[in-house]
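Each chain, letter by letter, is given below.
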Amino acid sequence: MALNIQTFKTRALTALLFVVVMLTGLLWNFWSFLILFTVIHFGCWYEFVKLMKKIYAEKYLGYCLFGLIYLTMPVLMIIDLYNPANHIHIYDTFIVLVKGTIPIVIIASIWINDTMAYLVGSFIGKTPLSKISPKKTWEGTIGGIVLCITVAGLVSHFIFHSWIVNLFIMLLAAICAIFGTLGDLLESKIKRMADVKDSGSFMPGHGGFLDRFDSLLVAVPFVWLYIKLFV
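Residues numbered from 1 in each chain as written. Predicted model: local features only at pLDDT ≥ 70, side-chain atom pairs only at ≥ 80, totals over all residues. Heavy atoms only, no water.

Trainee: When you look at the packing of aromatic side chains in this model, what are you seeing that I'm missing?
Mentor: Between two aromatic rings, the relevant description is the distance of the centres plus the angle of the planes. Going through the model one piece at a time under the given rule, you end up with 12 aromatic pairs. Each ring, one from Phe48 and one from Tyr70, has its centre 5.8 Å from the other, and the planes form 55 degrees; the classification is tilted. Linking Phe48 in helix H2 (residues 30–56) with Tyr70 in helix H4 (residues 66–82), this pair joins segments that are 22 residues apart in sequence. Comparing Phe48 with Tyr70 shows no difference in burial state: the two are buried. Among the aromatic residues, ring-to-ring pairing joins Phe30, Trp31, Phe33, Phe37 and Tyr82 into one connected group. (Phe/Tyr/Trp six-rings, centres within 6.5 Å; stacked < 30°, edge-to-face > 60°. Helix = DSSP H or I, 4+ residues; strand = E, 2+ residues; numbered from the N terminus. Buried < 20%, exposed > 50% of the residue type's maximum accessible area, 1.4 Å probe, protein only.)

Okay, structure coming up:
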């Protein structure tokens, strides 16, 4: 997969705007976070219903119920992870992560994984990952996961200066990268069934809401389970 400079520039500029909007919603306060994910939630639902209509025609309503698990549950879970009333003590230590840290780690990990997988796959990708998404390669996927975990560990080291927090952040990054990739493939499968290239067009170079948040929707439940069961 050859690197298309113009496509990369468009994706990079759109991603920069995306980061600004996301960070504003994440860091301002709980209400800005809630508004941000309410918009994301209904944007994803709008596109999901359109895809179900394309796939199942008049029978689409029954299949839309899957959206409660695929769309609504992850949004409720990430809101729960942000909730300032829920303090997260790292592995029963006295280290407590402030509100918003986990959602930021999730979103940053997914963005890093997507970007690194795209770059690695563009330069050295040869082996197709799946027929569902022909442009994805094993080289890009593995490179994205490894670099995502590495970057997360380095950033965590400079911010927290704690090996146990570094371990925690790196495990979160690994979960996000692996299950985020599966989320990408799931959405690609749905789009193939609907015979569309993008779920929408609100982000140039990235498609619609589902195109941008497909990884997040699948990664969040696994992060939530990991934190609730093991941390």
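Now, onward.
Trainee: Whenever I open this one, the pattern of salt bridges confuses me. Can you help?
Mentor: When charged atoms on two side chains of opposite charge get close, those side chains can pair. Considering all chains together, one arrives at 6 salt bridges under this definition. Lys191 serves as the salt-bridge partner of Glu187, at 3.6 Å between the closest nitrogen and oxygen. Taken together, the residues Glu187 and Lys191, both in helix H7 (residues 163–194) and 4 residues apart, mark about one turn of the helix. Under the relative-accessibility criterion, Lys191 is labelled buried at 11%. Of the charged contacts in the structure, one is a salt bridge between Lys197 and Asp198, with a shortest N-O distance of 4.0 Å. Judged by relative accessible area, Lys197 falls into the exposed class, the value being 69%. If you follow the salt bridges from partner to partner, you end up with Glu187, Lys191 and Asp211 in one network. (Salt bridge = Lys/Arg side-chain N within 4 Å of Asp/Glu carboxyl O.)

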